[in-house]
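Secondary and tertiary structure notes
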Amino acid sequence: MISGTPCSWIGAACAILLSAVPSLGGVPNGDWTTTDPAPNTLNFWGHAACYLDIEGTGIVTDPVFAPWLGHLFPRIAPAPEPSAYDQAQIVLISHAHRDHLHPATLATFSPATVILCPMPSVPHLTEVAARVQGLVPGERWVFPGGTIIAVPAHHPGGRNSLAAQADGGALGYVIATRERTIYYTGDTEYFPGFRAVAAKYAPDLVLLNLNAHLNATGAARAIQDLGSPPAVLMHHGAYATLNDLRWPRWRTDFAQAGTIHFDLAVGESRPLAQLSAPRAVRTVAN
Ligand SMILES: [Zn+2]
Ligand SMILES: [Zn+2]
C-alpha cells in the first residue's frame, strides 16, 4: 500500500515507471555499500555523488544518501553506509540545492573530512562535524595527490533559488593530479565557462551532470568546448524523480553526438586508468 503525502505519490509513481526502464549502466561491484573503494577508482554512488580515490585520498562529490529526496522522491538504489566513506578526506559540494547538499548525509562524514563548497552553501553546514571551507572561483585546495580548483558554474547558488548565474554561488571543480585532470561540472547550463576550463586546465576526464540544465545538446557542445575528453554521465539513478524519467532520452541523444562516455550503474566502480589514459601516455593535440 502506498501511503504519505500526495506529493510523495508522485515519487512512488515515478519509481513504478522507472522500474520498467531497462538499466543503462553496468553491474555494481560487490558489497560496495559497506566496503572501502579500491585505490585509483571512480565509484558512482547515484545522482551527482561519486567517490574518487586518488592515490589514497578519497574525494566525494555532492553526497546525498537520504531515503527520500526533499520528502518527494524515494531512493530507488542502495546507498553507501558510512563504513564505505569513513576514510574520505574531501567532499566537494557544487551548490545548495537539495539534490546536492544534504546536511544529514554530510553529518555522517568523519570530523577529519574537509567540505569544500561555494559561499552560499556555508550557512547550511553548521551542524556537520567536518571542517567547512567556502571557496570562490579560482581558489585552490591542495591535497597529497594534487590540487582542487574551484571554477564557476552557471547555476543558482541559493538553497531555493532558480536564478541561474555564473557568479560563483554554484561551482564546478577541477581536480588536477600528477596523472590526469578531472573536471566535475556541478549543475550548470551551457556557458563560456567550459572553454575557460579547457584553456586553463585541459581536463582528461569530465564528470558531467546531464540534466534539465545541461541536456544532450548543451552537454555535447560542452564536451566539444572541453576538447572532447571522455565523460562519465551523472545526475541520475538514485532517486525516482521526474527528470530521471527523462534521463534515458537525454543519454541516448547525447550518445548520438559520438562523444566517448561512460554510463555507470549505481554502485559500479571503474579504475581511473580505464576512464582516461594517464597524461604521460596520452597524445594531446594542442
Ligand atoms: Zn541545482
Ligand atoms: Zn541537481
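Residues numbered from 1 in each chain as written. Chains lettered and ligands numbered in written order. Predicted model: local features only at pLDDT ≥ 70, side-chain atom pairs only at ≥ 80, totals over all residues.

**Let's talk about the sheet that holds strand S1 (residues 41-44)**
Adjacent strands of a sheet pair through backbone hydrogen bonds, lying either parallel or antiparallel. So the rule is basically this: When DSSP locates at least two bridges between a pair of strands, those strands are taken to pair. Segments assigned H or I by DSSP are reported as helices when at least four residues long, segments assigned E as strands when at least two residues long, and all are numbered from the N terminus. In this analysis, axes come from line fits to C-alpha atoms, helices being fitted only over the stretch in contact, and the angle between any two N-to-C directions falls in the range 0 to 180 degrees.
Taken in spatial order, the seven strands of this open sheet run S8-S7-S6-S3-S2-S1-S16, and their pairing is mixed. The sheet terminates laterally at strand S8 (131-135) and strand S16 (269-271), the two strands that pair on one side only. Taken over all neighbouring pairs, the strand axes of this sheet differ in orientation by 20° on average, direction set aside.

**Points about the environment of Arg131**
Note the cut-off: Contacts here follow a simple rule: the backbone-placed C-beta atoms of the two residues must lie within 7 Å.
If you trace the backbone, Arg131 turns up in strand S8. C-alpha separation for the pair Arg131 and Ser110, spaced 21 residues apart in sequence, amounts to 9.4 Å. For Arg131, the contacting residues outside a window of four places in its chain are Val114 and Ile115.

**Digging into the confidence of the model for the protein**
The test is simple: pLDDT expresses how confident the predictor is about each individual residue, on a scale running from 0 to 100.
Confidence in the prediction for the protein averages 91 pLDDT; 88% of positions are at 70 or higher. In the model, residues 281-286 has pLDDT below 50 throughout and makes two contacts with residues more than four positions away in sequence or in other chains.

**What about the sheet that holds strand S9 (residues 140-143)?**
Taken together, the seven strands give an open sheet; going across it, the order is S9-S10-S11-S12-S13-S14-S15, and neighbouring strands pair in mixed fashion. One side of each edge strand has no neighbouring strand; the edge strands of this open sheet are S9 and strand S15 (261-262). As judged from the seven bridges shared by strand S10 (residues 146-152) and strand S11 (residues 171-177), these two strands associate in the antiparallel manner. The residue of S11 that forms the bridge with Ala150 is Tyr173.

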